[in-house]
Amino acid sequence: MNSVSQSRRRRLSAAAVLGAIALTATACGGGGGSGEGDTVVIGYTGPLSGGGAAYGENVKIGLEMVIDDLNADGVEVDGNPVTLELKSLDDKYAPSTAASNAQRLADQDKAPVVVSPNAGAIKAIQQINSGRSNFLISAYTSDPAIMQADNPLTMMIPPNFESYADEFSETAMEHGGKKLALLGTESEYGQQWTKSIKDAWSEAGGKIGGDNSVDYATVSDFAGPVSKALSEKPDAIFVGGPSQPTALIMEEARKQGFKGSFLVMDQAKLDEMATVTKIDNLKNSVGVLPVSEYEDPGTKDFLKKFAEKAGEKKVPTSETALNYQGIAIIAKAMEVAGTTDDPEKIREAIGQALSEVDDKYKVNGFPDEITEQGHLLNPNLEATFLDEDGKYTKVPIEQVSDDK
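Residues numbered from 1 in each chain as written. Predicted model: local features only at pLDDT ≥ 70, side-chain atom pairs only at ≥ 80, totals over all residues. Heavy atoms only, no water.

Asks: Run through the overall build of the protein chain, naming residues and quoting values.
Replies: Scanning the protein chain for helices and strands turns up 13 helices and 15 strands. Structurally, the protein chain occupies a C-alpha span of about 100 × 40 × 40 Å along its principal axes. Sorting the 404 residues of the protein chain into buried and exposed places 53% on the buried side. Contacts in the protein chain between residues far apart in sequence, at least 24 positions, make up 66% of those at least 6 positions apart. (Helix = DSSP H or I, 4+ residues; strand = E, 2+ residues; numbered from the N terminus. Buried < 20%, exposed > 50% of the residue type's maximum accessible area, 1.4 Å probe, protein only. Contact = heavy atoms within 4.5 Å.)

Right under this line is the structure:
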């Protein structure tokens, strides 16, 4: 072989190698651009082990479901197809770990959005997401302090929990009486809820016993705290934390003879608790409306797909459903904004995107507005009362302002 042929072969081989590298890079994507074939990471930091693992897994299932559906339907940004990829990191409910995880997802994986389902974690992440590494927080918490932080790159998904206090109090009084016992969780979030309920109950003319809050994460024998609360002979009891221990507290109260009503904070879900204890123990309770009771355009198909993915015995909660909706909104905002790597433009486009999201992604009280601070608002917010016959009656809820 002459030298000319050898030189030509070397040039062709080099071109082939470069071409293969280019094809690989295109297939893998840049992690945040909007070129053809890009893969865009949706980050998630949440409790995937320890006491909060069931809660964190509920969120993750919703994220997995929506990303599968969006990729199947096709996401197109600035005329180019985009593949979404979920990357999840365990923070065990620790705010400092959540902030480190979020920074890692933004810096290493170029995630333009990070999902967090814990108020303390979100507050920590808000300290870093609008500076050196800009990224949008998809915040799953009902703590109004998240909006009061005035963080320009936060989208808060659930209703402000203070919206529930008045209606919960009035409904419980209608089905019980005016003396309230307090058995909420001792977490910061639980104590904020307790204060909100105390204020609303007092304003409605009720009487409040001592605060018997308990650490739902560490206490396993609830007989003592329940007995202490019942010694005050309450007509109603405020409870709430994760669904599993909340169900056990309500079960214990019924065992000890309590016949009154329960006010259940939004973290606990009545239908999920019914997988832990008999529904008879949960009757005469006011709480958040189960996903299965919604009548949005995509609810039925969502419930069917959830059962196929998680099994018939597992209950779809609002953690799953609202995070499913949240990422569908963000994906549409990317399309509207024409970018996957500019969080400011994505956030600005959310208002327009809300009216353009396909009906299949509307499963759990779909919002029609986002406030200036970044809170999604559902125009038809409802809670529920589980009556003595085990039937859910919807209770209209008026959302209150997030202002300080």
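Following the structure, the description resumes.
Asks: Would you mind going over the packing of helix H8 (residues 223–230) against helix H9 (residues 243–255) in detail, with residue names and values included?
Replies: Packing of H8 against H9 leaves a shortest axis separation of 9 Å and a crossing angle of 55 degrees. The angle between the axes of H8 and H9 places the two elements in the oblique class. Read as a crossing pair, H8 and H9 show a hand that is right-handed. Along the contact surface, H8 presents Ala223, Val226 and Leu230, while H9 presents Ile249, Glu252 and Ala253. Across the contact of H8 with H9, the residue classes tally to 5 nonpolar, no polar and 1 charged. (Axes fitted to C-alpha atoms, helices over the stretch in contact; angles between N-to-C directions. Parallel < 35°, antiparallel > 145°, perpendicular 65-115°, else oblique. Left-handed = near helix turned anticlockwise from the far one by under 90°. Nonpolar A, V, L, I, M, F, W, Y, C, P; charged D, E, K, R; others polar.)

Asks: An account of the UniProt feature "domain: Leucine-binding protein" (unreviewed entry) in the protein chain is requested, with residue identities and associated values reported.
Replies: Within this structure's numbering, the places UniProt gives as "domain: Leucine-binding protein" (unreviewed entry) are residues 39–359. The distance separating the terminal C-alpha atoms of residues 39–359 is 25 Å; by composition the span is 44% helix and 18% strand. (UniProt positions renumbered as here; feature names shortened; annotations may be inferred.)

Asks: Outline the pairing of strand E10 (residues 261–264), listing residues and values.
Replies: Residues Ser261 and Leu263 of E10 are buried on one face, and the alternating residues Phe262 and Val264, pointing to the opposite face, are buried as well. Where strand E9 (residues 236–240) meets E10, 4 bridges bridge the pair, whose relative direction is parallel. Bridge pairing links Ile237 to Phe262 in E10. At this point the chain moves from E9, through H9, to the parallel E10, and the crossover so formed is right-handed. Bridge count between E10 and strand E11 (residues 285–288): 2 bridges; the pairing is parallel. Paired with Leu263 across the strands is Val286, a residue of E11. (Pairing = 2+ DSSP bridges. Right-handed = clockwise from strand over helix to strand, strands pointing away.)

Asks: Any details on the sheet that holds E9? Residues and values, ideally.
Replies: Read across the open sheet, the 7 strands follow the order E8-E7-E9-E10-E11-E14-E15; overall the sheet is mixed. At either end of the open sheet lies a strand with only one pairing partner, and these are strand E8 (207–211) and strand E15 (392–396). Strand-to-strand, the axes of this sheet are offset by a mean angle of 25 degrees, without reference to chain direction. Its contacts with the sheet put helix H7 (residues 188–203) on strand E7 (179–184), E8, E9 and E10, and the angle it makes with E8 is roughly 155 degrees.

Asks: Tell me about the side chain of Ser213, and please be specific about residues and values.
Replies: Here Ser213 is to be found in the loop between E8 and H8. What makes Ser213 buried here is its relative accessible area of 14%. Of the polar contacts made by the side chain of Ser213, one reaches the side chain of Asp211; its length is 2.5 Å. The residues contacting Ser213, other than those within four sequence positions of it, are Leu182, Leu183, Gly184, Thr185, Glu186, Gln191 and Thr194. (Polar contact = N/O pair within 3.5 Å; in protein donor to acceptor, adjacent residues only side chain to side chain.)

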